[in-house]
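Each chain, written out:
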Amino acid sequence: MKVINYGSLNWDYVYQVPHMVREGETLAAYGMETFLGGKGLNQSIALARAGVPVLHGGCVGEDGDGLISYLKTNGVDTSGIEKVEEKSGHTIIQVDSNGQNCILLYGGANQKQNIDHIKTVLNQGNSGDYLVLQNEVNEIEYIMQIGKERGMRLVINPSPIDPAILKAPLGMADYLLVNEIEGQALTGASEPDQMMKTLRTRYPNTAILLTLGEEGAWYEDRKQSVRQKAIRVKAVDTTAAGDTFTGYFIAGLMEGYAMEHLLYRCAAASALAVSRNGASASIPQREEVETFLRSLDV
Ligand code: RIB
């Protein structure tokens with residue numbers, strides 16, 4: 001069993017700011033670093049660091065060699081990444097003194113997926129393999145359809161939310177992973193109870209994972225409903241905390257953990273991620289998560 005993660009790869013330009021810049025304001029940043037990110041890349045790194053085989057599909061531009069070699073160094077199969085004539089995707093991320101962020105995204109090469117390349121990548125997927133998707137590449141619905149035709153298990157993290165993803169057939173997913181903002185956009189509800197109820201009613205064959213930041217996470221399918229509190233740490237930078245949760249969640253499914261234990265591991269992994277700077281740079285290795293879990297047990 002393996003994972004094909006078809007998703008974005010971005011250069012993240014991260015600025016430390018006293019507060020998020022306001023309309024009309026010019027604000028001096030007191031720090032700046034370049035990180036490797038993109039929800040797709042981050043989730044591939046999280047999957048690999050959690051210990052599962054992952055093949056990444058997607059596109060970069062001529063400036064994308066560093067993104068590819070970083071994935072390779074982390075043990076990700078990069079044979080599904082194509083170079084196209086565009087700049088690679090990039091973001092401008094502000095991180096404030098509370099560790100909260102806001103992100104401006106330029107899609108670039110991530111928006112240049114073509115049908116032939118998608119087919120070539122997904123031809124490597126077999127029945128029972130996992131196909132993971134976020135919403136930072138084009139042709140999402142086509143990728144979903146081909147994955148399903150190949151009998152793959154579909155995990156969709158519809159992030160970031162935009163008008164197109166709101167119309168996509170998300171009920172095709174075996175697992176739908178949303179945070180509170182995405183849950184609100186999909187359902188119109190502002191409370192997690194109502195979000196979960198609406199999502200479960202609308203997508204009865206789809207397991208729902210609702211991540212709620214400091215309030216933890218909530219998983220529900222036909223057979224079980226499991227809640228997990230967040231593990232409290234000092235937040236330095238929340239970027240990629242959700243991607244870390246996603247990677248460890250899928251790895252946990254593949255390893256067959258009981259949902260209570262699985263969510264506890266995910267909470268530990270994302271707590272470590274928020275206590276560090278950067279996107280993929282903040283994602284912990286499996287051994288670090290095990291050590292942290294042991295420290296919580298005593
Ligand atoms: O989820 C975090 C990611 O979102 C960042 O790495 C950035 O590239 C944006 O895509």
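Structure: see above.
Everything numeric here is computed off the predicted structure, so don't read it as measured data. (Residues numbered from 1 in each chain as written. Predicted model: local features only at pLDDT ≥ 70, side-chain atom pairs only at ≥ 80, totals over all residues. Heavy atoms only, no water.)

### What about the packing of helix α6 (residues 180-187) against helix α7 (residues 192-202)?
For step 1, the next point in the chain: Two elements in contact, α6 and α7, have axes separated by 10 Å at closest approach and are oriented at 60°. Considering their axes alone, α6 and α7 lie oblique with respect to each other. Between α6 and α7 lies a crossing whose hand is left-handed. Seen from α6, the contacting residues are Glu180, Gly183, Gln184, Leu186 and Thr187; seen from α7, they are Pro192, Met195, Thr198, Leu199 and Arg202.
For step 2, the next point in the chain: Classifying every residue of the contact of α6 with α7 gives 4 nonpolar, 4 polar and 2 charged. (Axes fitted to C-alpha atoms, helices over the stretch in contact; angles between N-to-C directions. Helix = DSSP H or I, 4+ residues; strand = E, 2+ residues; numbered from the N terminus. Parallel < 35°, antiparallel > 145°, perpendicular 65-115°, else oblique. Left-handed = near helix turned anticlockwise from the far one by under 90°. Contact = heavy atoms within 4.5 Å. Nonpolar A, V, L, I, M, F, W, Y, C, P; charged D, E, K, R; others polar.)

### Here's the deal with the packing of aromatic side chains
For step 1, the next point in the chain: Scanning the entire structure with this criterion turns up 2 aromatic pairs.
For step 2, the next point in the chain: Ring centres of tyrosine 175 and phenylalanine 249 lie 6.1 Å apart, and the angle between their planes is 75°; this geometry places the pair in the edge-to-face category. Taken together, the residues span a long stretch of sequence, with tyrosine 175 in strand β10 (residues 175-179) and phenylalanine 249 in helix α8 (residues 241-255) at a distance of 74 residues. Of the two residues examined, tyrosine 175 and phenylalanine 249, each falls in the buried class.
For step 3, the next point in the chain: One aromatic cluster is present, built from ring pairs that chain together Tyr175, Tyr219 and Phe249.
For step 4, the next point in the chain: Over the aromatic face of tryptophan 218 sits the side chain of arginine 227, whose NZ or CZ is 3.6 Å from the ring centroid. (Phe/Tyr/Trp six-rings, centres within 6.5 Å; stacked < 30°, edge-to-face > 60°. Buried < 20%, exposed > 50% of the residue type's maximum accessible area, 1.4 Å probe, protein only. Lys NZ or Arg CZ within 6 Å of the ring centre and 35° of its normal.)

### A few points about the side chain of glutamine 94
For step 1, the next point in the chain: Here glutamine 94 shows up in strand β6 (residues 89-95).
For step 2, the next point in the chain: Using a relative accessible area of 14% as the deciding quantity, one classes glutamine 94 as buried.
For step 3, the next point in the chain: Looking at glutamine 94, its side chain comes within polar contact range of the main-chain nitrogen of valine 21, at 2.7 Å. (Polar contact = N/O pair within 3.5 Å; in protein donor to acceptor, adjacent residues only side chain to side chain.)

### Observations concerning α6
Structurally, the α-helix is built with 3.6 residues per turn, so residues lying three or four positions apart point the same way.
For step 1, the next point in the chain: Within the span of α6, buried status applies to Glu182, Gly183, Leu186 and Thr187. Buried residues in α6, looked at end-on, bunch into an arc of 115°, giving them a common side.
For step 2, the next point in the chain: On the buried face of α6, the contacting elements are α5 (163-167), β10 and α7.
For step 3, the next point in the chain: Sitting at the amino-terminal end of α6 is asparagine 179, which places a side-chain oxygen 3.1 Å from the backbone nitrogen of isoleucine 181.
For step 4, the next point in the chain: Following α6 by one or two positions, glycine 188 adopts a phi angle in the positive range, close to 80°. (Arc of directions from axis to C-beta.)

### A look at the sheet that holds strand β4 (residues 54-60)
For step 1, the next point in the chain: The strand order across the open sheet formed by 9 strands is β5-β4-β1-β8-β9-β10-β11-β12-β13, and the pairing between neighbours is mixed. Both edges of this open sheet fall to β5 (77-83) and β13 (225-228), since each of them pairs with a single strand only. Each strand of the sheet is rotated relative to its neighbour by a mean of 15°, with strand direction disregarded.
For step 2, the next point in the chain: Strand direction decides the pairing type here: strand β1 (residues 3-6) and β4, joined by 4 bridges, are parallel. Bridge pairing in β4 places asparagine 5 opposite histidine 56.
For step 3, the next point in the chain: On top of the sheet, helix α4 (residues 140-149) reaches β1, β8 (130-133) and β9 (153-156); it is set at about 170° to β8, its chief contact. (Pairing = 2+ DSSP bridges.)

### Let's talk about the site of the ligand
For step 1, the next point in the chain: Taken together, 13 residues sit near the ligand, with Asp12, Gly38, Lys39, Glu136 and Asp243 positioned nearest.
For step 2, the next point in the chain: Between an oxygen atom of the ligand and a side-chain N or O atom of asparagine 10, the distance comes to 3.0 Å.
For step 3, the next point in the chain: Against a free-state accessible area of 280 Å², the protein chains account for coverage of 95% of the ligand.
For step 4, the next point in the chain: Contributing elements (two or more residues each) for the shell around the ligand: β2 (10-16) and α1 (39-50).
For step 5, the next point in the chain: Its residues placed into classes, the shell around the ligand shows 3 nonpolar, 6 polar and 4 charged. (Near = heavy atom within 4 Å. Areas by Shrake-Rupley, 256 points an atom, 1.4 Å probe, with all protein chains shown as cover.)

None of the figures reported here should be taken as evidence of function without further support.
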